[in-house]
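Residues per chain, in single letters:
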Amino acid sequence: QSQLVESGGGLVQPGGSLRLSCAASGFTLGYYTIGWFRQAPGKEREGVSCISRSGDSTNYADSVLGRFTISRDNAKNTVYLQMNSLKPEDTAVYYCAARPLLSCGSTWTTRVSYGYWGQGTQVTVSS
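The text that follows walks through the structure, step by step, so that each part is easy to find. The model shown is predicted, which means the values in this text are computed figures rather than measured ones. (Residues numbered from 1 in each chain as written. Predicted model: local features only at pLDDT ≥ 70, side-chain atom pairs only at ≥ 80, totals over all residues. Heavy atoms only, no water.)

1. Observations concerning the packing of aromatic side chains
Going by this rule: Two rings from Phe, Tyr or Trp (for Trp, the six-membered ring) form a pair when their centres sit within 6.5 Å of each other. Planes less than 30 degrees apart are called stacked, planes more than 60 degrees apart edge-to-face, and all others tilted. Runs of E in the DSSP output that reach at least two residues are strands. Runs of H or I that reach at least four are helices, and both are numbered from the N terminus. Whether a residue is buried, partly exposed or exposed follows from its accessible area with a 1.4 Å probe, protein chains only, as a fraction of its type maximum: under 20%, in between, or over 50%, in that order. Over a ring means this: the NZ of a Lys or the CZ of an Arg is within 6 Å of the ring centre and within 35 degrees of the ring normal.
For the coordinates displayed, the defined rule picks out seven aromatic pairs. Taking 5.0 Å as the distance between ring centres and 50° as the angle between the ring planes, the aromatic pair formed by phenylalanine 37 and tryptophan 117 counts as tilted. Of this pair, phenylalanine 37 sits in strand S4 (residues 33-39) while tryptophan 117 sits in strand S10 (residues 116-117), placing them 80 residues apart in sequence. Judged by centre distance (6.0 Å) and plane angle (65°), the ring pair of tyrosine 114 and tryptophan 117 falls under edge-to-face. Note on tryptophan 117: relative accessible area 27%, which makes it partly exposed. Put simply, the rings of Phe37, Tyr95, Tyr114 and Trp117 pair up and form one aromatic cluster. The ring centre of tyrosine 95 lies 3.8 Å from the NZ or CZ of arginine 45, which sits over that ring. Above the face of the tryptophan 117 ring, arginine 45 is positioned so that its terminal group lies 5.2 Å from the ring centre.

Right under this line is the structure:
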């Protein structure tokens with residue numbers, strides 16, 4: 001029963017912070033590049049960030065660059081997304097996904113390339 005489970009979402013005021021977690025079970029997350037995606041109401045699911053297997057390289061969407069930080073702890077089989085300075089436009093369901101690549105590369109936003117997906121966690125930024 002290989003799966004990814006996101007947690008840490010919730011309601012936060014503009015300017016606030018949240019830390020999302022993506023925990024793997026049934027497989028070793030250290031063998032996979034991990035992407036974070038989000039989908040807002042009425043919009044396409046978009047890539048937010050990506051981290052290589054070892055954590056030595058990362059990618060970010062322009063909309064979150066400088067505000068979000070992706071990291072991983074392979075010993076805990078977990079990837080994190082630290083979200084600071086949150087804006088209402090960050091409101092979305094956030095998903096993590098895994099694919100068996102060494103690094104993120106130019107295709108990191110291609111959803112079909114990820115074989116494992118979590119169920120998503122809701123992030124709402126509102127006053």
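What follows continues from the structure just given.
2. Details of the nonpolar core
Short version of the rule: Take the buried Ala, Val, Leu, Ile, Met, Phe, Trp, Tyr and Cys residues and link them wherever side-chain atoms come within 4.5 Å; each set so joined is a nonpolar core.
Core analysis: the largest hydrophobic core is formed by 28 residues, its most contacted members being Trp36, Leu81, Met83 and Tyr94. Those elements that provide at least two residues to this core are strand S3 (18-25), S4, strand S5 (46-51), strand S7 (68-73), strand S8 (78-83), strand S9 (92-99) and strand S11 (121-125).

3. Considerations on the state of the cysteines
Worth spelling out the cut-off: Here, a disulfide means two cysteine sulfur atoms that sit within 2.5 Å of each other.
Counted by the stated rule, this structure contains two disulfides. Shown here for the protein is a disulfide pattern of 1-3, 2-4, where each number marks a bonded cysteine counted in sequence order.

4. Quick look at the pattern of salt bridges
What counts, and what does not: Should a side-chain nitrogen of Lys or Arg be within 4 Å of a carboxyl oxygen of Asp or Glu, the pair is scored as a salt bridge.
Under the defined criterion, the tally for this structure stands at four salt bridges. One salt bridge in this structure joins glutamate 46 and arginine 38, with 2.8 Å as the shortest N-O distance. Residue classification places glutamate 46 among the partly exposed positions, given a relative accessible area of 31%. Among the ionic pairs, arginine 111 bridges to glutamate 44, the shortest N-O distance being 4.0 Å.

5. Some points on unusual backbone geometry
Phi angles above zero are rare outside glycine, and asparagine 77 is one such case at about 60°. With respect to the element layout, asparagine 77 can be found in the loop between S7 and S8. A residue is classified by how much of its surface remains accessible, and asparagine 77, at 16% relative accessible area, is buried.

6. A word on the sheet that holds S8
This is how the line gets drawn: Each pair of strands is called paired provided DSSP finds at least two bridges between the two strands. With axes taken as lines fitted to C-alpha atoms, and helix axes fitted only over the stretch in contact, angles between N-to-C directions fall between 0 and 180 degrees.
In space, the four strands of this open sheet follow the order S1-S3-S8-S7, with antiparallel pairing throughout. For this open sheet the edge positions go to strand S1 (3-7) and S7, each flanked by a neighbour on one side alone. The sheet shows a mean angle of 15° between the axes of neighbouring strands, direction not considered. Pairing between S7 and S8: six bridges, direction antiparallel. Directly across from arginine 72, in S8, lies its bridge partner valine 79.

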